[in-house]
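# Structural characterization, general
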Amino acid sequence: MRYLLPLLAAGTLSACASPLVQTTPQWDARFGLDTRMVLAQQILHPDAAHNANPVAGMDGRSARAAYERYQKNGGEQQTPLLNNGVK
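So, here is what we can say about the structure in this document. Throughout, residues of each chain are indexed from 1 in the direction in which the sequence is written. Confidence filtering applies because this is a predicted model: local features only for residues at pLDDT of at least 70, side-chain atom pairs given and counted only at 80 or more, and all residues used for totals across whole chains, interfaces and linings. Based on all heavy atoms of the structure, the side-chain values leave hydrogens and waters out of the count.

### So, the overall build of the protein
Secondary structure elements are taken from DSSP: a helix is a run of H or I of four residues or more, a strand is a run of E of two residues or more, and numbering for both begins at the N terminus. The number of helices and strands found in the protein is 4 helices and 0 strands. Tracing the protein from N to C terminus, the helices and strands come up as α-α-α-α. A simple rule labels every residue: compare its accessible area, found with a 1.4 Å probe on the protein chains alone, to the largest value its type can have, and call it buried under 20%, exposed over 50%, or partly exposed in between. Taken across its 87 residues, the protein has 0% of its residues classed as buried. The method behind every accessible area is Shrake-Rupley, applied with a 1.4 Å probe, and residues are considered shielded solely by the protein chains displayed. As presented, the protein carries roughly 9100 Å² of accessible surface, and 61% of it is formed by carbon and sulfur atoms.

### Some details on the pattern of salt bridges
Take a side-chain nitrogen of Lys or Arg and a carboxyl oxygen of Asp or Glu: if they are within 4 Å of each other, that pair is a salt bridge. All chains considered together, the criterion is met by 2 salt bridges. One salt bridge in this structure joins arginine 64 and glutamate 68, with 3.0 Å as the shortest N-O distance. Separated by 4 residues within a single helix, arginine 64 and glutamate 68 lie in helix H4 (residues 60–72), roughly one turn from each other. Judged by its relative accessible area of 43%, glutamate 68 falls in the partly exposed class.

Shape is all these values report; function is a separate question.
Written as structure tokens, this is what we have:
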């Protein structure tokens, strides 16, 4: 109990002295830099949104046949490959 007041005073003074150590501006200058760098590294072609050329893909007839085949076989389970198709 005797050391309570000096301990509280020391704690208060140390809390007031902490703004004198200026680490916050150094941290604020780099805040989010690593996140922005990783996001930029994940983009393959940054100017892809400005490309007006259409993507060459399947013709309409092949795409429709593939879609209908997908819809028809959607509920069926595929045979597992680990047991060579034996049921």
